[in-house]
Amino acid sequence: MEQRHRKASLRGISIFARGRRRDALAQAAAAAQSEIHARELELAKQRAAAQAQLDAEWAQLQANDPDAVIATLAAAFEDNDAAAAPLGVTGDEATLVVIVPTLAGMPQKKPEVTPTGRPTIKAVPKKEAAVWHATAVAGCILVTVKEAFAVAPGLNSVRIVAATTPERDAYGNRHPDVLVAARFERDWLDGVQWTTTESARILNDVTSELQLKQVGVSKTLTPLPLDEQPELQALLSAIDYEELGA
């Protein structure tokens, strides 16, 4: 910056005019310092404005402003492997939906070794596939809930519906299956041993409300009956599956 001012100040002054050049260089240094000071003031002003904006947004999140919380949650969920979205905020509680894998989406084959030690591929037993599925569903739910609490500090509880990706019927309508409906309270997540406990066990232990249905010896997760649950039906009708990428 100072070099630019020096060059501009010396333009047209003979190299033999030492006095004029000395005065010009002094003026250039002063001009450079003045510009630096002005830029510092402008940057400080911009930083203060940005900080004020961040403080205002943080205050809105702490106060659970519905628009602020929903926008923050939606942005946080954008890069999740399991598509998720906020459906609403009431008081200090958010309602979320997460799209979870189906049982049919679990691996159907797995590598094995024969009694003689030769590698082979075998079908996954139904009970094992059911365990994998329950683990995957619980994992999707827990990741979504933890992220919600992380980015929305004012939330004290989260209700979440775990649904499968619905296909369109002949009329173009979607009829999703709900595998889990649960409520989590922030305090209940304190002290959870995340790295050493299976996700299905955590789901059962930390929810203040939990609805799921497992059938048969394999304890396969089965869609919840919605006929007598108008609240769940209302939530499902509010989901935009195209927006979720379902």
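For the structure, see preceding data.
Residues numbered from 1 in each chain as written. Predicted model: local features only at pLDDT ≥ 70, side-chain atom pairs only at ≥ 80, totals over all residues. Heavy atoms only, no water.

Let's talk about the nonpolar core
In terms of nonpolar packing, the biggest core is built from 37 residues, with Leu73, Val98, Ile141, Ile160 and Phe184 touching the most fellow members. Sorting the residues of this core by element identifies helix 3 (66–77), strand 1 (84–90), strand 2 (93–100), helix 4 (126–151), strand 5 (157–164), strand 6 (178–185) and helix 5 (199–206) as the ones contributing at least two each. It is helix 4 that provides the largest number of residues to this core, a total of nine residues. Of all hydrophobic cores here, the second largest spans seven residues; its members include Val161, Leu224, Leu232 and Leu236. (Core = buried A, V, L, I, M, F, W, Y, C linked by side-chain atoms within 4.5 Å. Buried < 20%, exposed > 50% of the residue type's maximum accessible area, 1.4 Å probe, protein only. Helix = DSSP H or I, 4+ residues; strand = E, 2+ residues; numbered from the N terminus.)

Considering the packing of aromatic side chains
Scanning all chains against the criterion turns up zero aromatic pairs. The side chain of lysine 146 reaches across the aromatic face of tryptophan 194, ending 4.1 Å from its centre. (Phe/Tyr/Trp six-rings, centres within 6.5 Å; stacked < 30°, edge-to-face > 60°. Lys NZ or Arg CZ within 6 Å of the ring centre and 35° of its normal.)

Here we look at helix 3
When the terminal C-alpha atoms of helix 3 are compared, their 16 Å separation across 12 residues agrees well with the 16 Å that a helix rising 1.5 Å per residue should span. Looking only at helix 3, the buried set comprises Ala68, Val69, Leu73, Ala76 and Phe77. Down the axis of helix 3, the buried set is contained in an arc of 150°. They therefore lie on one face. (Expected span 1.5 Å × (residues − 1). Arc of directions from axis to C-beta.)

Considerations on the pairing of strand 1
Taking burial as the measure, the seven residues of strand 1 include five buried ones, the bulk of the element. In the sheet, strand 1 pairs with strand 2 via six bridges, with the strands oriented antiparallel. Opposite valine 89, over in strand 2, you have alanine 94 as the bridge partner. Remark: two residues form the turn of the hairpin made by strand 1 and strand 2, two consecutive strands paired antiparallel; glycine 91 in that turn has positive phi of roughly 60°. (Pairing = 2+ DSSP bridges.)

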